Amino acid sequence: LRRMPDPSVPIRRTFEMVHLILNAPSISVSQVNQKVDYERQCRRTLAKPDLIASILNFDVDQLVQNFHVAATVDEKYLGGVACLHDHTGSGLGNAAIRPPAALQVATGHLSTQRGVVPNGSPGKGSP
């Protein structure tokens with residue numbers, strides 16, 4: 001995958017999402033809404049020798065601390081399927097999140113718009 005000269009759109013979008021998630025702590029609110037430069041940014045992330053280890057050891061709390069990245073990944077790449085909750089009622093800055101679906105699968109906590117909560121039991125709105 002690293003050597004593909006011109007990957008298809010779904011692969012490019014997946015790499016963009018991986019780049020944003022792995023680099024969440026270094027992406028500012030103003031940067032997250034800019035177009036990801038695939039050739040410069042994604043290829044640099046993919047070329048890292050510790051890429052696989054970074055994915056396997058990813059700390060999901062980085063997305064909680066960098067909510068702007070999690071919200072952008074959810075909206076732009078996952079179609080808004082992650083459950084984003086503001087438990088304080090004071091706006092997105094104090095929001096708690098359930099990470100995007102790709103990360104939930106990796107950690108065993110998949111939830112969808114159908115209302116499945118992290119422990120796998122049906123939530124509100126489930127059949």
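Computed from a prediction, not measured in an experiment: that's the story for all the values here.

Novice: Can you help me understand the layout of surface pockets in this one?
Specialist: Gaps between atoms show up when a probe of the same size as a water molecule is rolled over them. Taken as a whole, the second largest pocket spans an internal volume of roughly 250 Å³. Contributing to the lining of the second largest pocket are 15 residues, with His 19, Asn 23, Ile 27, Gln 31 and Gln 41 lying nearest its centre. Of all the secondary-structure elements, those providing two or more residues to the lining of the second largest pocket are helix H1 (9–22), helix H2 (29–32) and helix H3 (38–47). Among the elements that make up the lining of the second largest pocket, the one with the highest residue count is H3 (four residues). Considering only residue class, the lining of the second largest pocket consists of four nonpolar, seven polar and four charged.

Novice: Where do I start with the nonpolar core in this structure?
Specialist: Note on soluble globular proteins: their nonpolar side chains tend to be buried together. Judged by nonpolar contacts, the single largest core of 20 residues is most densely connected at Leu 20, Ile 21, Phe 58, Leu 63, Val 69 and Val 73. Those elements giving two or more residues to this core turn out to be H1, H3 and helix H6 (67–77). Broken down by element, the residue count for this core peaks at five residues, all from H1.

Novice: I'm lost on the pattern of salt bridges in this one. Help?
Specialist: Any two side chains of opposite charge can pair if their charged atoms end up close together. Counting across every chain of the model gives three salt bridges. Residue Arg 12 is joined to Asp 6 by a salt bridge in which the shortest nitrogen-to-oxygen separation is 3.4 Å. Asp 37 is the partner of Arg 40 in a salt bridge, and the nearest nitrogen-oxygen pair spans 3.6 Å. Judged by its relative accessible area of 44%, Arg 40 falls in the partly exposed class. According to the relative accessible area criterion, Asp 37 is partly exposed, its value standing at 33%.

Thresholds applied
- Residues numbered from 1 in each chain as written.
- Predicted model: local features only at pLDDT ≥ 70, side-chain atom pairs only at ≥ 80, totals over all residues.
- Heavy atoms only, no water.
- 1 Å grid on protein atoms, 1.4 Å probe; cavity = no way out; pocket = protein on both sides within 12 Å on 5 of 7 lines; lining within 4 Å.
- Points joined across faces, edges and corners; volume = space filled by probe spheres on them.
- Helix = DSSP H or I, 4+ residues; strand = E, 2+ residues; numbered from the N terminus.
- Nonpolar A, V, L, I, M, F, W, Y, C, P; charged D, E, K, R; others polar.
- Core = buried A, V, L, I, M, F, W, Y, C linked by side-chain atoms within 4.5 Å.
- Buried < 20%, exposed > 50% of the residue type's maximum accessible area, 1.4 Å probe, protein only.
- Salt bridge = Lys/Arg side-chain N within 4 Å of Asp/Glu carboxyl O.

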